[in-house]
Amino acid sequence: MALPSEIRKLLEAEPRAHAALGCGLHGPIGETHLVLAGGRVLVFTRESLVGSFARVELAALPKLEKGDFADTLHLQLADGTDAELNVSSFERDAVVALLTAAVETPAAPVPPPPSRRQVTPAEPQHNEGLPPKPAARETEGKAKFPTQPATEAQPETEPEKEKPDKQAGKEVAVYHGSDPGCIGCVAYLVVFGGAVVGFWFLHTEAARTVGMIGPSETEQDSFSFIATKVVALIAGAYLGGRLIQLVNSLLRAFGLVGKVMFSQSVIQVFGPSGKWHVMYSTPLPLEVTLRCHKSGGDSEQNGKPVKQLYNYYLGLSQNGQSVLLKTSHYTVTPLREIAGIPVTPVAEEPKNERQFGMEYQTFKHVARRIAKLR
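Residues numbered from 1 in each chain as written. Predicted model: local features only at pLDDT ≥ 70, side-chain atom pairs only at ≥ 80, totals over all residues. Heavy atoms only, no water.

Caption draft 1: View of the overall build of the chain. Along its length, the chain carries five helices and 20 strands. Out of the 374 residues in the chain, the part that is buried amounts to 40%. Within the chain, contacts between residues separated by at least 24 positions form 54% of all contacts whose residues are at least 6 apart in sequence. Only carbon and sulfur atoms are counted for the fraction: they give 56% of the accessible area of the chain, which is about 20900 Å². (Helix = DSSP H or I, 4+ residues; strand = E, 2+ residues; numbered from the N terminus. Buried < 20%, exposed > 50% of the residue type's maximum accessible area, 1.4 Å probe, protein only. Contact = heavy atoms within 4.5 Å. Areas by Shrake-Rupley, 256 points an atom, 1.4 Å probe, with all protein chains shown as cover.)

Right, dumping it as structure tokens:
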């Protein structure tokens, strides 16, 4: 969420970091913005989605407490009261970045409460309440939470670079599976192979037309012929890849791959080819599990750990209706959490009649939306 222009007009310095939370200071309705500007963390909040923002003075830098599905941001206000704000997995990265930048800013004075004694910079109490700096070693994909001890073992997290969620913010969001089935695999082979073979013969005919080879020849050992043949094969492979994307679109349009649909207070999961359909109501309790099973292979090569294939299973269950969403990912060790949902390793591969596979990035987007609902 961008910094509202109303807040930007109130700032005396250019903002260095910004984090937005989808809740007010005293309830789940409204919004709160944290802005690092002028070496200070400023808080602006309102208890609805309309109206003016109120500025709230802090007595110390906020503290972020990590939770299972959502984090809690602790605020110590200048009037001596405390406040807690819920931080979802979507909002966590921006809050962590802002707190880290605030700690690393040399001039980041925080005004003490008016009723309290002024503390000089030489006194140790000046740093009370400040979150410690992150440890030097970074985990894969995310910075450590500033409030976590440096000696605490950090979970292996997700890759730093990932595709943005194009469905984020939509009232009706649809995430498709990636299992094409027999029909899809045959279609992939036909369109990709057809494109490559087609360009192979088109190159031969073009070579005859320009006189590169004779009317009865099909190939030649000259550099120009071989170079253009390679270019033709690359072009055929590129066209084949584009055609596979078209096939994927058709498979999704005809419902031949599974999909998960989020709409208002309902989650709907459709099986491949419409074989089954399960609906969950988010206001009701929803059991969520995330399990990991090692696909096999050696964990070490020449005495060094190597990446292995791990399968992850996101299970949803409500009123006896359960589904499994599956994805695979190569890592040296299994992930301990995905989108804030803890991962439980299992010895046996989970099974369910109602399950289908998803691409890893799509799987993470689904997990994030589910974690945000909890």
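Moving on from the coordinates now.
Caption draft 2: Just the sheet that holds strand E9 (residues 259-263), in detail. Pairing is antiparallel across the open sheet formed by four strands, whose spatial order is E8-E9-E10-E11. Each end of this open sheet is capped by a strand with a single partner; those strands are strand E8 (172-176) and strand E11 (277-281). Direction aside, the axes of adjacent strands within the sheet are offset by 15 degrees on average. Taken together, the five bridges between E8 and E9 define a ladder with antiparallel strand orientation. Directly across from Val 172, in E9, lies its bridge partner Ser 263. Contacts from helix H5 (residues 360-373) reach E8, E9 and strand E10 (266-270) within the one sheet, and its direction differs from that of E8 by about 140 degrees. (Pairing = 2+ DSSP bridges. Axes fitted to C-alpha atoms, helices over the stretch in contact; angles between N-to-C directions.)

Caption draft 3: Broad picture of helix H2 (residues 89-104). Its 16 residues place the ends of H2 23 Å apart at the C-alpha level, agreeing with the 22 Å of an ideal helix rising 1.5 Å per residue. Among all positions in H2, only Ser 89, Glu 91, Arg 92, Val 95, Val 96, Leu 98, Leu 99, Thr 100, Ala 101, Ala 102 and Val 103 are buried. (Expected span 1.5 Å × (residues − 1).)

Caption draft 4: Layout of the pairing of strand E12 (residues 287-294). Note that E12 and strand E15 (residues 308-318) share eight bridges and pair antiparallel. Counterpart to Arg 291 in the pairing with E15 is Tyr 313. Relative to strand E19 (residues 344-345), E12 is paired through two bridges, and the arrangement is parallel. Bridge pairing in E19 places Cys 292 opposite Pro 345.

Caption draft 5: Expanded view of the pairing of strand E6 (residues 71-76). In E6, alternate side chains face the same way, and those of Asp 71, Leu 73 and Leu 75 are buried while those of Thr 72, His 74 and Gln 76 on the opposite face are not. Here E6 runs beside strand E7 (residues 82-87); their pairing, made up of six bridges, is antiparallel. Opposite Gln 76, over in E7, you have Asp 82 as the bridge partner. Count of turn residues in the E6/E7 antiparallel hairpin: five residues, of which Gly 80 carries a positive phi of about 95 degrees.

Caption draft 6: Spatial organisation of the nonpolar core. With 32 residues, the main nonpolar core has Val 260, Val 269, Tyr 312, Leu 314, Leu 325, Ile 338 and Val 366 as its most contacted residues. The biggest single contributor to this core is H5, with six residues. When sequence neighbours within four positions are dropped, the list of residues in contact with Leu 314 reads Val 288, Thr 289, Leu 290, Val 323, Leu 324, Leu 325, Ile 341, Phe 363, Val 366, Ala 367 and Ile 370. By size, the runner-up hydrophobic cluster in this structure holds 25 residues, among which are Leu 25, Val 41, Leu 73 and Leu 99. (Core = buried A, V, L, I, M, F, W, Y, C linked by side-chain atoms within 4.5 Å.)

Caption draft 7: How the structure looks around the sheet that holds E6. Reading across from one edge, E5-E6-E7 is the order of the three strands in this open sheet, with antiparallel pairing throughout. In the strand order of this sheet, the two ends are held by strand E5 (63-65) and E7, each with one partner. Pairs of neighbouring strands in the sheet enclose a mean axial angle of 25 degrees, with direction left out of account. Two elements, E5 and E6, share three bridges in a ladder whose sense is antiparallel.

Caption draft 8: Region of the structure containing the side chain of Asn 311. Following the sequence through the fold, Asn 311 ends up in strand E15. A distance of 2.5 Å separates a polar atom in the side chain of Asn 311 from a polar atom in the side chain of Ser 328. (Polar contact = N/O pair within 3.5 Å; in protein donor to acceptor, adjacent residues only side chain to side chain.)

Caption draft 9: Summary view of the side chain of Thr 327. Along the polypeptide, Thr 327 turns up in strand E16 (residues 321-331). A relative accessible area of 2% means that Thr 327 is categorised as buried. A distance of 3.1 Å separates a polar side-chain atom of Thr 327 from the backbone oxygen of Met 358. Residues within four places of Thr 327 in sequence aside, it is in contact with Tyr 310, Asn 311, Tyr 312, Met 358, Glu 359, Tyr 360 and Phe 363.

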